[in-house]
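Reading the structure
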Amino acid sequence: MLYTSYLYPLRFIASILVVLFHYSPVRNFVINNGGEAVNFFYLISGYVMIIAYTDKIKNNKFSIRNFLINRILRIYPAYFLALVLTLGAHYLTKPFLSSIWSRFSFEVLMIQSWFYPGSMNYPGWSVSNEFFFYITFAFLILPFALLRRNKKLILIVSFLILSLIVSLVFSAIANDQNNMLLKGYMTQSPLIRVIIFWTGVYIGYLHTQ
């Protein structure tokens, strides 16, 4: 199995950029675009997934059930604790919002970003995206692994182009109508960002050959 410890410094730099993007009083080109580091995290996530599971895939030992259980156990406890603490803090410091209960089940199931932008615990939308990516990996990695290398590349590039076109078209519509909800969805939807994860998977596949 290949090691991925060399990615730790890159992850650290990316996390700092995200923090600066949200909280730095100083603004410049790098900080203003620091939020794009989230895409880098998704790319690394796909890369690490294929590195971690390539031996099981090659030896026909990959289990969808075990993969999803392991992924959920890895991310859900901290996610759920953060959600509960956020709701508790919100309840104690702000007026109660009736929309909380209509959104609560989506948040608990980690599927909120699939349907609407934002999250009660704001960073939770990115975890919801990751959960979506893990599901696609679980069900699509075996068919993907069977494709020839050139077909893998064609598939990835085609979906990258399609994702870019869809993003540009809907962003233009959102800007023209000043539709903040649509802008938020285009920014945070896993349907738009999933191809970044799978590009990481493809890069990892090349690394393991």
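Residues numbered from 1 in each chain as written. Predicted model: local features only at pLDDT ≥ 70, side-chain atom pairs only at ≥ 80, totals over all residues. Heavy atoms only, no water.

1. What to know about the nonpolar core
Counting 39 residues, the largest nonpolar core has Phe 67, Phe 137, Ile 141, Trp 198 and Val 201 as its most contacted members. Secondary-structure elements contributing two or more residues to this core are helix H1 (8–23), helix H3 (37–58), helix H4 (64–93), helix H6 (124–146) and helix H9 (190–208). With 11 residues, H3 is the single largest residue contributor to this core. When residues no more than four places from it in sequence are discounted, the contact partners of Trp 198 are Thr 136, Phe 137, Leu 140, Ile 141, Phe 144 and Ile 156. If you look at the next biggest cluster of nonpolar residues, it comprises 5 residues, including Leu 83, Leu 87, Ile 100 and Val 108. (Core = buried A, V, L, I, M, F, W, Y, C linked by side-chain atoms within 4.5 Å. Buried < 20%, exposed > 50% of the residue type's maximum accessible area, 1.4 Å probe, protein only. Helix = DSSP H or I, 4+ residues; strand = E, 2+ residues; numbered from the N terminus. Contact = heavy atoms within 4.5 Å.)

2. Quick notes on the pattern of salt bridges
All chains considered together, the criterion is met by 1 salt bridge. Across the pair Glu 107 and Arg 103 runs a salt bridge, and its minimum N-O distance is 3.6 Å. Of the two residues, Glu 107 and Arg 103 both sit in helix H5 (residues 99–108), 4 residues apart, roughly one turn of that helix. Residue Glu 107 is classed as buried on the basis of its relative accessible area of 0%. We classify Arg 103 as partly exposed; its relative accessible area is 26%. (Salt bridge = Lys/Arg side-chain N within 4 Å of Asp/Glu carboxyl O.)

3. Brief notes about the side chain of Gln 112
On the secondary structure map, Gln 112 appears in the loop between H5 and H6. Among the polar contacts listed, one links the side chain of Gln 112 to the backbone oxygen of Gly 124, at a separation of 3.4 Å. Beyond its immediate chain neighbours, meaning those up to four positions away, Gln 112 contacts Tyr 79, Phe 106, Glu 107, Gly 118, Ser 119, Gly 124, Trp 125 and Ser 128. (Polar contact = N/O pair within 3.5 Å; in protein donor to acceptor, adjacent residues only side chain to side chain.)

4. Considerations on helix H8 (residues 180–188)
If you check which residues of H8 are buried, you get Leu 182, Gly 184, Met 186 and Gln 188. For H8, the secondary structure elements touched by its buried residues are H6, helix H7 (149–177) and H9. For H8, the capping residue at the N-terminal end is Asn 179, with a side-chain oxygen 3.1 Å from the backbone nitrogen of Leu 181.

5. Remarks on H7
Its 29 residues place the ends of H7 42 Å apart at the C-alpha level, agreeing with the 42 Å of an ideal helix rising 1.5 Å per residue. Listed as buried for H7 are Lys 152, Ile 156, Ser 163, Ser 167 and Ala 174. In this structure, the buried side of H7 is in contact with H6, H8 and H9. Downstream of H7 by one or two residues, Asn 178 has phi in the positive range, about 50 degrees. (Expected span 1.5 Å × (residues − 1).)

6. Topic: unusual backbone geometry
The backbone of Met 110 shows a phi angle near 65 degrees, a positive value even though the residue is not glycine. Summarising the element assignment, Met 110 is placed in the loop between H5 and H6. Overall, Met 110 belongs to the buried group, its relative accessible area being 2%.

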